[in-house]
Amino acid sequence: MPTTMTKLKTEASVNGKAPKAPMTSAPYDFSTFVEPPMGGWLSTFDCFSRALRVVLAFYWLLLTQPVALYCYLIKFHQLFHWGNWSTPMITLLLPAWPLVMFCTVAWQKLRDVIWPPKEVNCFFTEPDGIFARWFWAFYMESSVPLALFIIHGDSTAAIMNAWHDFVLTKPFWRKHMEKTGMPFPMQLGCWDGAECSWWARAKDQAADYQVGDIVLKLMDGCLGRGDTFLEKGKNGFDGTIGGVTKVLEGKYNGTKGVLVLEWVRPGKGHEVHSFDIVTMVMPDQSIQLVSCLYWGHCANGGSSTHDATAGFVLDVHEEKVIRAASWYSALFAKTMGQTGPSMSGTGTGYGEVGSGSVFPGLKKICEQAIAGHYSALEDQPWLHAIGWDAMFSTLGPVFFEGNYASHRIPRRVFLSWRSLFFFLWNSRGYASMLAERVEAHENEQPSLSKTRTISGPLPKDIARAGAAAPKRVATRAGGLAAYAASAR
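Residues numbered from 1 in each chain as written. Predicted model: local features only at pLDDT ≥ 70, side-chain atom pairs only at ≥ 80, totals over all residues. Heavy atoms only, no water.

Chemist: In this structure, what is going on with the overall build of the protein chain? I would like to understand it.
Modeler: For the protein chain, the count of helices and strands is 17 helices and 11 strands. Burial status across the protein chain gives 57% buried among its 488 residues. Pairs at least 24 apart in sequence give 72% of the contacts found in the protein chain among residues at least 6 apart. (Helix = DSSP H or I, 4+ residues; strand = E, 2+ residues; numbered from the N terminus. Buried < 20%, exposed > 50% of the residue type's maximum accessible area, 1.4 Å probe, protein only. Contact = heavy atoms within 4.5 Å.)

Chemist: What is the right way to look at the pattern of salt bridges in this model?
Modeler: Close approach of charged atoms lets side chains of opposite charge pair. Summed over all chains, the structure comprises 16 salt bridges. Between R133 and E126 there is a salt bridge, with its nearest N and O atoms 3.0 Å apart. Take R133: its relative accessible area is 34%, and that puts it in the partly exposed class. Given a relative accessible area of 24%, E126 falls into the partly exposed group. Measuring nitrogen to oxygen at the nearest pair gives 2.8 Å for the salt bridge that ties R201 to E262. One end of the pair, R201, is in the loop between β2 (196–198) and β3 (214–218); the other, E262, is in strand β5 (residues 258–262), and 61 residues separate them in sequence. Salt bridges linked by common partners bring D213, E231, K234 and R265 together as one network. (Salt bridge = Lys/Arg side-chain N within 4 Å of Asp/Glu carboxyl O.)

Chemist: I'm lost on unusual backbone geometry in this one. Help?
Modeler: Excluding glycine, most residues fall at negative phi; most peptide bonds, likewise, are trans. Although it is not a glycine, N235 sits at a positive phi angle of roughly 55°. On the secondary structure map, N235 appears in the loop between β4 (228–230) and α10 (241–251). In the Ramachandran plot, Q285 falls in the positive-phi region, its phi being about 75° despite a non-glycine side chain. Along the chain, the position of Q285 falls in the loop between β6 (274–281) and β7 (287–298). Note on Q285: relative accessible area 13%, which makes it buried.

That's the geometry; what it means functionally is another story.
Now the structure itself:
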């Protein structure tokens, strides 16, 4: 009888072709065709409903999987909140965990009053109204640990990589994108903190060799933090290898693993945009599309969709925009309205994308994302959810990277009652599926590093939250939502 990993290998892409499984699933329907609740998205009622779903999900999991949830929450809060205090905190206060999380949110809000954040990212903008804000903050802080437990069970690897990309670095994603034939920007070099090794067309070239516009990315960075965009003729950058080296020496001195990438531009007729594609392992062990969103209309003509002011939901089968993604954050609820009729349009340029806009080739992009997920899952069998970032460029469809969807999946899980019931019903199945796959993976690869084993205590070097973590990782006091908001 074939093992789970053998089954996955037969379904996965081996020559760049996407698996034949249809790109449809119950979660896809729940997030693509969801209707606004009473009062509209991000209203007080909507925020209360999301918070209520989190509370009810917790008590359902506590009733059905008490031991696994207890062990999981200790490990999760050990990294994200309380360090070595997590064991006594969870042991004494487990039944009151929602109240404990509410107090954690209250502490974070007090900190924000004393030390206001410099800026609020578009994906984490809070709603208006004191009650809506509090419900939203509680939901954002509490939904992530529960959503990860639902789809990953008591997985140490899932917790570790939600905290920081220890394994899921840029080279990891580029390896699997290359393996499955997914197009991605060319890498021209890698900075080791003191010297840059040049590759591809830049290899063995002189300092005055023209490389053009460049993007610098941290190898283990996330959500755009640490990125630098170098455009020839602006801010003193001359487009040469020497010019890139000068920036690396000045801004990244001592920082290892900075990737030097070609700056890929939007295709003709397209604005700066990205497709937010989420793929996930389903209860039947197939990998399916969960949602595809479009981010665009970047503020001040920005070069990154982290400044997006418009978001849309796409029906991949029709390859077109069908509604506004007003449910994602308060900013989009304000700029897009509840259904997005004012944003209707048929174009793809700035200010022209709207309900009805068509993107030929989008279905193929999503098929490639599914193939990439199969490949990544063979490497990391706990990786049940991935968020892919792609765009239509001057070179055609391009993937920038994959991301562990630790902060994207929770918004889908708790978006509606139907979605929550689906995930809760299958939560025990996900845990057993993961255990079977990990066992098969370890049998096939006996030399697998113990630091990547799914069970057991956290490695000592990161057992204390923040003890050896990079500076960009949140402190325990900062909490989950603060970390995600500042990073994104």
